[in-house]
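# Tertiary structure, described
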Amino acid sequence: MPGLTEIFGMEASWHRCEECGLPFQVPTYLYDHACWHKKSIYCPYGHENKVILRTDQTLDGKEQTIVFLKKEGNELARRLSAAKGQITKLKKRVK
Ligand SMILES: [Zn+2]
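Now for a description of the structure that goes with this document. (Residues numbered from 1 in each chain as written. Predicted model: local features only at pLDDT ≥ 70, side-chain atom pairs only at ≥ 80, totals over all residues. Heavy atoms only, no water.)

## Regarding the overall build of the chain
- Of the regular secondary structure elements, the chain holds three helices and four strands.
- For the chain, the succession of helices and strands along the chain, N to C, is α-β-β-α-β-β-α.
- A globule of 95 residues ought to have a C-alpha radius of gyration of about 12 Å, yet the chain, at 17 Å, is considerably larger.
- Across the 95 residues in the chain, those meeting the buried criterion constitute 23%.
- Within the chain, contacts between residues separated by at least 24 positions form 28% of all contacts whose residues are at least 6 apart in sequence.
- When the 16 basic and 11 acidic side-chain charges of the chain are each reduced to a single mean position, those positions are 15 Å apart. (Helix = DSSP H or I, 4+ residues; strand = E, 2+ residues; numbered from the N terminus. Rg over C-alpha atoms; globule rule 2.2 N^0.38 Å. Buried < 20%, exposed > 50% of the residue type's maximum accessible area, 1.4 Å probe, protein only. Contact = heavy atoms within 4.5 Å. Lys, Arg positive; Asp, Glu negative; His and termini not counted. Charge placed at Lys NZ, Arg CZ, Asp CG, Glu CD.)

## What to know about the pattern of salt bridges
- For the structure on display, the rule yields four salt bridges.
- The shortest N-O distance in the salt bridge between glutamate 48 and lysine 50 comes to 3.3 Å.
- Arginine 79 serves as the salt-bridge partner of glutamate 75, at 3.2 Å between the closest nitrogen and oxygen. Of this pair, glutamate 75 and arginine 79 both sit in helix H3 (residues 61-94), four residues apart, which is roughly one turn of the helix.
- For glutamate 75, a relative accessible area of 24% corresponds to the partly exposed category.
- Relative accessible area serves as the criterion here: at 47%, arginine 79 is assigned to the partly exposed category. (Salt bridge = Lys/Arg side-chain N within 4 Å of Asp/Glu carboxyl O.)

## Side note on the coordination of the zinc ion
- Protein-derived ligands of the zinc ion are Cys17 (SG), Cys20 (SG), Cys43 (SG) and His47 (ND1), with the metal-ligand distances lying across 2.0 to 2.4 Å.
- Angles of 103 to 116 degrees at the metal separate the four donor atoms of the zinc ion, which places the site in the tetrahedral class.
- Look at where the donors of the zinc ion fall in the sequence and you get C-x2-C-x22-C-x3-H. Of the two residues, cysteine 20 sits in the loop between strand E1 (12-16) and strand E2 (23-27) while cysteine 43 sits in the loop between strand E3 (41-42) and strand E4 (48-49), which places them 23 residues apart along the sequence.
- What makes cysteine 43 buried here is its relative accessible area of 4%. (Donors = N, O, S within 2.8 Å, 3.2 Å for Na, K, Ca; no water. Tetrahedral: all angles 85-135°; square planar, octahedral: opposite > 155°, others 65-115°.)

## A short note on the side chain of asparagine 49
- Residue position: asparagine 49 is located in strand E4.
- The residues contacting asparagine 49, other than those within four sequence positions of it, are Arg16, Cys17, Glu18, Phe24, Ser40, Ile41 and Cys43.

## Quick notes on the pairing of E1
- Summarising burial for E1: four of the five residues are buried, a large majority.
- Sheet topology places E1 next to E2; five bridges connect them, and they run antiparallel. Counted as the bridge partner of arginine 16 is proline 23 from E2.
- Linking E1 to E2, which pair antiparallel, is a turn of six residues; within it glycine 21 sits at a positive phi near 80 degrees. (Pairing = 2+ DSSP bridges.)

Printed below as a string of structure tokens:
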């Protein structure tokens, strides 16, 4: 997934909005700034996300991207299995 790093050569980390679930990237220097000054970051829709010191902050950008993609993969697998369940239900109804 191309991000700020690939497009602008900017070190950045992925986040998911606590409010709307939208994935978005924040340049590392801005995230660190927010961390030090106990400020919040905002998703592109303007939802406030508290900056919490997490273990994945010790990871570098690439590792953070991997952690994010794993979470995203799990979420997609969950949605896929839910959709399969819906299809099975609808098939039974059609018969
Ligand atoms: Zn949001």
